[in-house]
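# Results of the structural survey
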Amino acid sequence: CAGIEGRVVGVDIAKTEVAHANARASAKGLADRVIFRHGDIENLSTSGIEEDFFDAVISNGAFCLTPNKRRAFENVYRALKPGGRMVICTTTVRKDLDVETHWPVCMRMFVHLDKLKPMCEELGFKNVIVNTDDSELA
C-alpha cells in the first residue's frame, strides 16, 4: 500500500496504455501520486527507473511475454530498494513444448516453472517462493 505519502509508478511497454492509465489517474485526482511511464522491463533505466527505486514490484502478466526473462528479473532486482519485494503472476510451462506443434509465439516465450526459483536466487533474490496453489493447470 502506498499510504498517505507514498506513490505508485507503473511501467508499460505500450505507449497507448500508458497514456490511457495516466488519463484515468488524472481524472480520479491521483496524478500527484500515481504515474505511468513508458518502458521495457528488460531495460527499466530508459523509463527513469534507477537503482533502489521501488519498495515493491508487482506484475500480472508482463514476465511471460518478455523475451529475456533473466534480464527482466535483473532489472527488477536492481530497481528494488534493499529489502524490497517482488510479486509476480506469470504463465509458465512444466515441460518442453512439442516441437511438431505450431505454438503461438507467446507460448514459446513461457519459462519453465522449475527455472524460476533458481534464476531469481542466482540474481540475489531471497526467500523466493513459487506458489502454484491457485493454478488450474498445476
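Figured I'd write up the structure that's included with this text. (Residues numbered from 1 in each chain as written. Predicted model: local features only at pLDDT ≥ 70, side-chain atom pairs only at ≥ 80, totals over all residues. Heavy atoms only, no water.)

## Quick look at the overall build of the protein chain
Here is the rule we go by: Numbering goes from the N terminus for both helices and strands, where a helix is a DSSP run of H or I of at least four residues and a strand is a run of E of at least two. Buried residues are those whose accessible area, probed at 1.4 Å on protein chains only, stays under 20% of the maximum for their type, while exposed residues exceed 50% and partly exposed ones sit between those limits. We call two residues in contact whenever any of their non-hydrogen atoms come within 4.5 Å of each other. Here, Shrake-Rupley sampling with a 1.4 Å probe gives the accessible areas, and only protein chains in the shown set may cover a residue.
Helices and strands together make up the secondary structure of the protein chain, namely 5 helices and 6 strands. In the protein chain, the succession of helices and strands from N to C terminus is β-α-β-β-α-α-β-β-α-β-α. Dimensions of the protein chain along its principal axes, counting C-alpha atoms only, are 50 × 35 × 30 Å. Every one of the 138 residues in the protein chain was classed for burial, and the buried ones make up 28%. In the protein chain, the proportion of contacts linking residues at least 24 apart, taken out of those at least 6 apart, comes to 67%. Taken as a whole, the protein chain presents about 9700 Å² of accessible surface, with 52% of it coming from carbon and sulfur.

## Here's the deal with the packing of aromatic side chains
Using the following cut-off: Pairing of aromatic rings covers Phe, Tyr and Trp, the last through its six-membered ring, and needs centres within 6.5 Å; plane angles under 30 degrees mean stacked, over 60 mean edge-to-face, and all others mean tilted.
Applying the stated criterion to the full structure yields 3 aromatic pairs. Taking 4.5 Å as the distance between ring centres and 25° as the angle between the ring planes, the aromatic pair formed by F63 and F73 counts as stacked. Of the two residues, F63 sits in helix α2 (residues 62-65) while F73 sits in helix α3 (residues 69-79), which places them 10 residues apart along the sequence. Residue class for F63 comes out buried when judged on its relative accessible area of 1%. Residue class for F73 comes out buried when judged on its relative accessible area of 2%.

## What about unusual backbone geometry?
Backbone geometry places D52, a non-glycine residue, at a positive phi of 55°. At N127, a position not held by glycine, the phi torsion is positive, near 55°. Tracing the backbone through its elements, the reader meets N127 in the segment after α5 (113-123).

## What to know about the pattern of salt bridges
Operational definition: Take a side-chain nitrogen of Lys or Arg and a carboxyl oxygen of Asp or Glu: if they are within 4 Å of each other, that pair is a salt bridge.
This structure, assessed with the given rule, holds 5 salt bridges. The salt bridge partner of K81 is D55, with a shortest N-O separation of 3.4 Å. Of the two residues, K81 is situated in strand β4 (residues 80-89) and D55 in strand β3 (residues 54-60); the sequence distance between them amounts to 26 residues. Notably, a salt bridge pairs E121 with K117, separated by 4.0 Å at the nearest N-O pair. In this pair, E121 and K117 are both assigned in helix α5, 4 residues apart and thus about one turn of the helix distant. A relative accessible area of 39% places E121 in the partly exposed class. Overall, K117 belongs to the partly exposed group, its relative accessible area being 36%. It is possible to trace a salt-bridge network through shared partners that takes in R70, E74 and E122.

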